Amino acid sequence: MIWGISLILLSIIAVPSLILSKKPNAKELLEKIEPYQGWIGIVFCFWGIWGIISCILNMGLLTAAPIWWITWLAGCIVEATLGFMLGYGLISKFFLSKNEAAKEKGEQLRKKIAPKQGKLGIVGIAVGVWMIVATFVFTIA
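If you're wondering where the values come from, they're calculated on a predicted model, not measured in any experiment.

Rules used in this analysis
- Residues numbered from 1 in each chain as written.
- Predicted model: local features only at pLDDT ≥ 70, side-chain atom pairs only at ≥ 80, totals over all residues.
- Heavy atoms only, no water.
- Helix = DSSP H or I, 4+ residues; strand = E, 2+ residues; numbered from the N terminus.
- Buried < 20%, exposed > 50% of the residue type's maximum accessible area, 1.4 Å probe, protein only.
- Contact = heavy atoms within 4.5 Å.
- Areas by Shrake-Rupley, 256 points an atom, 1.4 Å probe, with all protein chains shown as cover.
- Phe/Tyr/Trp six-rings, centres within 6.5 Å; stacked < 30°, edge-to-face > 60°.
- Expected span 1.5 Å × (residues − 1).
- Arc of directions from axis to C-beta.
- Core = buried A, V, L, I, M, F, W, Y, C linked by side-chain atoms within 4.5 Å.
- pLDDT = per-residue confidence, 0-100.
- Axes fitted to C-alpha atoms, helices over the stretch in contact; angles between N-to-C directions.
- Left-handed = near helix turned anticlockwise from the far one by under 90°.
- Nonpolar A, V, L, I, M, F, W, Y, C, P; charged D, E, K, R; others polar.

Draft legend 1. Seen up close, the overall build of the protein chain. Across its full length, the protein chain holds 8 helices and 0 strands. The secondary structure elements of the protein chain, listed N-terminal to C-terminal, are α-α-α-α-α-α-α-α. Here the protein chain holds 141 residues, and the buried ones make up 38% of them. For the protein chain, the share of sequence-separated contacts (at least 6 apart) that also reach a separation of at least 24 residues comes to 76%. When the accessible surface of the protein chain is totalled, it reaches about 8600 Å², and 71% of it is carbon and sulfur.

As structure tokens, then:
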């Protein structure tokens, strides 16, 4: 369930224009979070990567609960991608700045996925909600 909740929170940060159109008073809260957006992105990027690794290490769940495993993997991929997009500035500064080839590849990847950030945020909210529901539906006894 923690994966779904964290994915929903990250997705809300990733789609501020959608939130602002529905709730104008949310602008104040989003402005408070904005200075920390890069750090939040880095944390969630690594959290998503760790989730992907955990999914691969728990491949046995694929036979016991295939829908839950696929949901878990999809949520972790979305989380890592959104985290990368939100934290790209700091990721570039701390991890890619010493290697020009890596920096160039990171920038190319960012340019490909940046226009899809809003849509990916909406997908993240949907997958996050489904992850929470699936936690209760597909509980393995």
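Draft legend 2. Structural context of the packing of aromatic side chains. Scanning all chains against the criterion turns up 4 aromatic pairs. Look at Phe84 and Tyr88: their rings are 5.4 Å apart centre to centre, the planes differ by 70°, and that puts the pair in the edge-to-face class. Of this pair, Phe84 and Tyr88 both sit in helix α6 (residues 66-96), 4 residues apart, which is roughly one turn of the helix. Comparing Phe84 with Tyr88 shows no difference in burial state: the two are buried.

Draft legend 3. Here's a closer look at helix α8 (residues 117-137). The end-to-end C-alpha distance of α8, which contains 21 residues, comes to 29 Å, matching closely the 30 Å that a straight helix rising 1.5 Å per residue would cover. Regarding α8, the residues found buried are Gln117, Leu120, Gly121, Gly124, Val127, Gly128, Met131 and Ala134. Down the axis of α8, the buried side of the element spans an arc of 145°, and every buried residue falls inside it. Facing away from the buried side of α8 by more than 90 degrees, the exposed set consists of Lys119, Phe136 and Val137. Tucked into the core, α8 has its buried residues touching α1 (2-14), α6 and α7 (100-113).

Draft legend 4. Region of interest: the nonpolar core. With 28 residues, the main nonpolar core has Trp68, Trp72, Leu82, Phe84, Ile91 and Met131 as its most contacted residues. At the level of elements, α1, α4 (37-57), α6 and α8 are the ones that each hand at least two residues to this core. Looking at this core element by element, the count peaks at 13 residues for α6.

Draft legend 5. Molecular detail of the confidence of the model for the protein chain. Mean pLDDT over the protein chain works out to 82, with 88% of the residues at or above the 70 mark. In the model of the protein chain, helix α2 (residues 16-22) stands out as the element of lowest mean pLDDT, 62, in contrast to α4, which has the highest, 91.

Draft legend 6. Structural context of the packing of α1 against α4. The interhelical angle for the contact between α1 and α4, taken along N-to-C directions, is 145°, at an axis separation of 11 Å. Crossing hand, α1 versus α4: left-handed. Taken together, the residues of α4 that come into contact with α1 (itself represented by Ile2, Trp3, Ser6, Leu10 and Ile13) are Gln37, Ile40, Phe44, Trp47, Trp50 and Gly51. Partitioning the contact of α1 with α4 into residue classes produces 8 nonpolar, 3 polar and no charged.

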